[in-house]
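Results of the structural survey
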Amino acid sequence: MKESDSVQLQEKEAWKRAVGEAAAALIEPGMVIGLGSGSTAEWMIRALGRRLQQEGLRIVGAVPTSERTEAVARAVGIPLTDLDHYPELDLDIDGTDEIDPHLHLIKGGGGALLREKVVASASRRFVVIADVTKQVPLLGLHVPLPIETVPFALTPVRRRLEALGAEARLRQRDGQPFYTDNGNLILDCYFPDGISDPGELENRLRRIVGVVETGLFLHMTTEALIAGPAGITHLARRSEADSSSTTGPAVP
């Protein structure tokens, strides 16, 4: 690895840590929260663990979005619960693979898209945390769109996805098919020209029998915290015509 690449990775990791800690500061006593998955979310989880230990913060409980998140949360002393006991959450904090100017997302790079979307939809407030490299003018140009699929329907679903113009690749790990925490497979869909109309694509995808969930998170993000060279920027969802407003550095 070149020295310049190493510096860039260290800088990006510092941004992730900064935005994770800023997000952890949003959590208030007595809340029931959702804990996202991924490297940026893990910084938030560890920061929350420190708040519980050092500040005496007390929350009702947290719902993890993956087995990995559950393990990290347990390790830092975060009390866990589930959606059966608390079907409505005060706050969900999660990372993203891409975020566009409308605060629409592509998520699922880690394979937790179904549980992430369930928890986000059960939350009154959904805060997305990311670094500036995740901001894009158009979804799908740089990362594939994950489609969680029941194994039985893999081939028919793949053919339907290809008919929509996607190059659908079965996600693998160590040379073997990757299975989600729910026992499903993921088809990573590449769109050479990006996704020009995410809403229309989502509607078409949902009509494919065998598709469990998509990595498109539309009209769900309440606000986003984006870390970069200038610090942390707070973006709040507004209308499609006036999609977001920058309100300056995030203040807990």
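Refer to the preceding data block for the structure.
Figured I'd write up the structure that's included with this text. (Residues numbered from 1 in each chain as written. Predicted model: local features only at pLDDT ≥ 70, side-chain atom pairs only at ≥ 80, totals over all residues. Heavy atoms only, no water.)

**Considerations on the overall build of the chain**
Rules: Helix and strand definitions here come from DSSP, where helices need a minimum of 4 consecutive H or I residues and strands a minimum of 2 consecutive E residues; each element is numbered from the N-terminal end. Radius of gyration means the value over C-alpha atoms here, while the globule rule gives 2.2 Å times the residue count to the 0.38 power. Throughout this description, buried means an accessible area under 20% of the type-specific maximum (1.4 Å probe, protein chains only), exposed means over 50%, and partly exposed covers the range between. Working rule for contacts: check all heavy atoms of both residues, and any pair within 4.5 Å makes them a contact. Charged residues are defined narrowly, with Lys and Arg counted positive, Asp and Glu counted negative, and His plus the chain ends left uncounted. A single reference atom marks each charge: NZ on Lys, CZ on Arg, CG on Asp, CD on Glu.
Counting its regular elements, the chain contains six helices and 16 strands. In terms of overall size, the chain behaves like a compact globule, its C-alpha atoms giving a radius of gyration of 18 Å where 252 residues would be expected to give roughly 18 Å. Seen along its three principal axes, the alpha-carbon backbone of the chain occupies a region of about 55 × 45 × 40 Å. Sorting the 252 residues of the chain into buried and exposed places 50% on the buried side. In the chain, the proportion of contacts linking residues at least 24 apart, taken out of those at least 6 apart, comes to 71%. Across the chain, the 27 positively charged side chains and the 35 negatively charged ones have centroids separated by 2 Å.

**A word on the sheet that holds strand β12 (residues 211-214)**
Heads up, the condition is: The rule for pairing is simple: two strands pair if DSSP sees at least two bridges between them. Only the stretch in contact is used when fitting a helix axis, every axis being a line fitted to C-alpha atoms; angles between N-to-C directions are given from 0 to 180 degrees.
Read across the sheet, four strands follow the order β8-β11-β7-β12 without closing on themselves; strand pairing throughout is antiparallel. Of all the strands in the sheet, the pair left with one neighbour each is β8 (167-170) and β12. When the angles between neighbouring strand axes are averaged without regard to direction, this sheet yields 30°. Pairing of strand β7 (residues 145-149) with β12, which is carried by three bridges, proceeds in the antiparallel orientation. The partner of Glu148 across the bridge, within β12, is Glu213.

**Here's the deal with the sheet that holds strand β5 (residues 105-106)**
With respect to topology, three strands assemble into an open sheet ordered β4-β5-β13, the strand pairing being antiparallel. Whereas interior strands pair on both sides, the edge strands pair on one side only; in this sheet they are β4 (98-99) and β13 (216-217). The sheet contact formed by β4 and β5 spans two bridges and is antiparallel. Opposite Ile99, over in β5, you have Leu105 as the bridge partner.

**What to know about the packing of aromatic side chains**
Convention followed: Aromatic pairing here means that ring centres of Phe, Tyr or Trp (its six-membered ring) are within 6.5 Å. Orientation follows from the plane angle: under 30 degrees is stacked, over 60 is edge-to-face, and everything else is tilted. In this analysis the charged atom, NZ for Lys or CZ for Arg, is taken to sit over a ring once it is within 6 Å of the ring centre and within 35 degrees of the ring normal.
Per the stated rule, a full pass over the model turns up zero aromatic pairs. Seen from the ring of Phe217, Lys117 lies directly overhead, with NZ or CZ sitting 4.9 Å from the centre. Between Arg169 and the ring centre of Tyr190, over which it is positioned, the NZ or CZ distance is 4.1 Å.

**What to know about the packing of helix α2 (residues 39-55) against helix α3 (residues 67-75)**
How we decide: For classification, angles of less than 35 degrees are called roughly parallel, those exceeding 145 degrees roughly antiparallel, those between 65 and 115 degrees roughly perpendicular, and all remaining angles oblique. Here a crossing is called left-handed whenever its near helix is offset anticlockwise from the far helix by less than a right angle, and right-handed whenever the offset is clockwise. For this classification, the nonpolar set comprises Ala, Val, Leu, Ile, Met, Phe, Trp, Tyr, Cys and Pro, the charged set comprises Asp, Glu, Lys and Arg, and every other residue, Gly included, is treated as polar.
The interhelical angle for the contact between α2 and α3, taken along N-to-C directions, is 25°, at an axis separation of 9 Å. As summarised for this structure, α2 and α3 are arranged roughly parallel, according to the angle between their axes. α2 and α3 meet at a crossing whose hand is right-handed. Of α3, the residues touching α2 (which contributes Glu42, Ile45 and Arg46) are Arg68, Thr69, Val72 and Ala73. Within the contact of α2 with α3, the residues separate by chemical class into three nonpolar, one polar and three charged.

**Quick word on the side chain of Thr214**
Selection criterion: Within 3.5 Å is the distance limit for a polar contact, defined as a pair of N or O atoms, with the added protein rule that one can donate a hydrogen and the other accept it, and that residues adjacent in sequence qualify only through two side-chain atoms.
Here Thr214 shows up in strand β12. By relative accessible area, Thr214 is classed as buried at 1%. Only 3.2 Å separates the side chain of Thr214 from the backbone nitrogen of Leu216, close enough to count as a polar contact. Setting aside anything within four residues of it in sequence, one finds Thr214 in contact with Leu113, Lys117, Pro146, Ile147, Glu202 and Leu205.

**Some remarks on unusual backbone geometry**
The phi angle at Leu103 is positive, at roughly 65°, despite the residue not being glycine. Note on placement: Leu103 falls in the loop between β4 and β5. Residues other than glycine seldom take positive phi values, yet Asp174 does so here, at roughly 55°.

**Remarks on the nonpolar core**
For the record, the criterion: Buried Ala, Val, Leu, Ile, Met, Phe, Trp, Tyr and Cys residues form a nonpolar core when they are joined through side-chain atoms within 4.5 Å.
Grouped together as the largest cluster of nonpolar side chains are 29 residues, with contacts concentrated most on Ile27, Ile33, Leu35, Met44, Leu48, Ile78 and Leu225. Counting residues per element, the ones that place at least two in this core are α1 (3-24), β1 (32-35), α2, α3, β3 (91-94), β6 (126-131) and β14 (223-228). Those residues in contact with Ile78 that sit more than four places away from it in its chain are Leu35, Ile45, Leu48, Gly49, Leu52, Ile59, Ala62 and Ala73. If you look at the next biggest cluster of nonpolar residues, it comprises 22 residues, including Leu145, Ile147, Leu201 and Leu216.

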